[in-house]
Every structure is written in structure tokens, then in C-alpha cells.
Amino acid sequence: MARLDGTRDAPSAVPVTSGERGLRVAVLGPLVVRRDGVTVDPGRRGQRLLLIRLLLADGHAVAPETLCEDLWQGQPPAAAMPSLYAHVSKLRGVLEQRRRGPRDFEVLVTEPAGYALRVPPGGRDTVCFTEALTRARRELA
């Protein structure tokens, strides 16, 4: 699984020759984010933790209060909410490629219940792994 200690494993702007399109996130091993085949740096520790936490929610919204509790391991500082907003803004800068307006987000979205991450199933290595495992088990049966 991806390390939660904030270390950086993926080099920035490394081209991938597979012809990948769109956003792809890998957490089985080092945390790696690729946009259109180029590895991008997801940011500092706070942004990386936020990304992993939202990936764990599997597309469901997570309340800001819950994110603060989780990101600061049950002990959020007094300025946790403004820090969370800064992490969201910076992570959006990495993940969002095309926007029509200042609040028109497609990947890291704000919903009434909180923040949600919209990464297509084929863009998450955990989903690809689970699907491959299911196919292999079916073949062995």
C-alpha cells in the first residue's frame, strides 16, 4: 500500500510510453499519480494523505470534519479547517486538468456531504487489481 509518511517516491514529469490517457492513481506500492501518461507530483504530505483518504472512500463524499480528524490522527490543530482547504486547493491544482469555470471541478468535487474523488475505475490500480484477480479466479474454477 501507499506510504502515509509523506515520502516522495514518484519522480515528477516522467513520460510513460504506454499511451495512457486521463488520470491514473496507483496506491499498491508507492503512491503514483499520472495524468495523460505523465507522472505528476501529488504534493506534500498533507495533499498525499488527503488523496489517499479520499481514494479509500471509493467515490463517496467525506465530511471536512472527518477529513480533519483523519489527516491529523484524531488530534486536528486549531487551524485544521483552513489547512484542509489549502490541501484541497493544492491537490485540485494537480488533479484537475480541464475546468470551464472557477468552481467547475471534475475530479476532486465538493458535494453537500463533503469532498469526493472522481477517478474512473480503470484509473485506480486497486480496481484493476481486483478485476484481474476475479478473472484469474474464474479461469481457475
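Residues numbered from 1 in each chain as written. Predicted model: local features only at pLDDT ≥ 70, side-chain atom pairs only at ≥ 80, totals over all residues. Heavy atoms only, no water.

## Quick look at a nonpolar patch on the surface
At step 1: On the surface, Leu28, Phe129 and Leu133 cluster together to form a nonpolar patch covering roughly 270 Å² of accessible area.
At step 2: Within the fold, Leu133 resides in helix α4 (residues 125–140). (Patch = residues over 30% accessible without salt bridge, like charges linked within 9 Å, V, L, I, M, F, W, Y side chains within 5 Å. Areas by Shrake-Rupley, 256 points an atom, 1.4 Å probe, with all protein chains shown as cover. Salt bridge = Lys/Arg side-chain N within 4 Å of Asp/Glu carboxyl O. Helix = DSSP H or I, 4+ residues; strand = E, 2+ residues; numbered from the N terminus.)

## A few points about the confidence of the model for the chain
At step 1: Per-residue pLDDT for the chain averages 85, and the proportion of residues at 70 or more is 81%.
At step 2: In the model of the chain, strand β1 (residues 23–26) stands out as the element of lowest mean pLDDT, 92, in contrast to helix α2 (residues 64–71), which has the highest, 98.
At step 3: Long-range and interchain partners of residues 1–18, a stretch whose pLDDT sits below 50, account for 38 contacts in this model, where long-range means more than four residues apart. (pLDDT = per-residue confidence, 0-100. Contact = heavy atoms within 4.5 Å.)

## Side note on the packing of helix α1 (residues 45–56) against α2
At step 1: Relative orientation of the contacting elements α1 and α2 amounts to 120 degrees, with a least axis distance of 10 Å. The orientation of α1 relative to α2 falls into the category oblique. The crossing of α1 and α2 is right-handed. Residues Leu49, Leu50, Arg53 and Leu54 of α1 lie in contact with α2, whose contacting residues are Thr66, Leu67, Asp70 and Leu71.
At step 2: Each residue belonging to the contact of α1 with α2 can be placed in one class, and the counts come to 5 nonpolar, 1 polar and 2 charged. (Axes fitted to C-alpha atoms, helices over the stretch in contact; angles between N-to-C directions. Parallel < 35°, antiparallel > 145°, perpendicular 65-115°, else oblique. Left-handed = near helix turned anticlockwise from the far one by under 90°. Nonpolar A, V, L, I, M, F, W, Y, C, P; charged D, E, K, R; others polar.)

## Describing the environment of Leu49
At step 1: For Leu49, the location among the structural elements is in helix α1.
At step 2: Taking the C-alpha atoms as reference points, Leu49 and Trp72, 23 residues apart in sequence, are found 9.7 Å from one another.

## Quick notes on the pattern of salt bridges
Close approach of charged atoms allows side chains of opposite charge to pair.
At step 1: Tallied over the entire structure, the rule returns 3 salt bridges.
At step 2: Measuring nitrogen to oxygen at the nearest pair gives 2.5 Å for the salt bridge that ties Arg53 to Asp70. One end of the pair, Arg53, is in helix α1; the other, Asp70, is in helix α2, and 17 residues separate them in sequence.
At step 3: Of the residues examined, Asp70 reaches a relative accessible area of 36% and is grouped as partly exposed.
At step 4: Here Arg124 makes a salt bridge to Asp58, at a shortest N to O gap of 2.7 Å. Here the residue Arg124 occupies a position in the loop between β5 (114–117) and α4, and Asp58 occupies one in the loop between α1 and α2, the gap between them amounting to 66 residues.
At step 5: Residue classification places Asp58 among the partly exposed residues on the basis of a relative accessible area of 45%. (Buried < 20%, exposed > 50% of the residue type's maximum accessible area, 1.4 Å probe, protein only.)

## So, the environment of Leu117
At step 1: Position of Leu117 relative to the elements: it lies in strand β5.
At step 2: Leu117 sits 64 residues away from Arg53 along the chain, and the two C-alpha atoms are 9.6 Å apart.
At step 3: When neighbours within four sequence positions are excluded, Leu117 is seen to be in contact with Leu51, Leu54, Leu55, Gly59, Leu95, Val107 and Leu108.

## Comments concerning the sheet that holds strand β2 (residues 32–35)
At step 1: The sheet built from 3 strands is open, its strands ordered β1-β2-β3 with antiparallel pairing. Because the sheet does not close on itself, it has two edges, and the strands there are β1 and β3 (38–40). Going from strand to strand, the sheet's axes swing by 30 degrees on average, the running direction of each strand aside.
At step 2: The sheet contact formed by β2 and β3 spans 3 bridges and is antiparallel. In the strand pairing of β3, Arg35 is matched with Val38.
At step 3: Its contacts with the sheet place helix α3 (residues 80–95) against β1, β2 and β3, and it is angled at close to 50 degrees to β2. (Pairing = 2+ DSSP bridges.)

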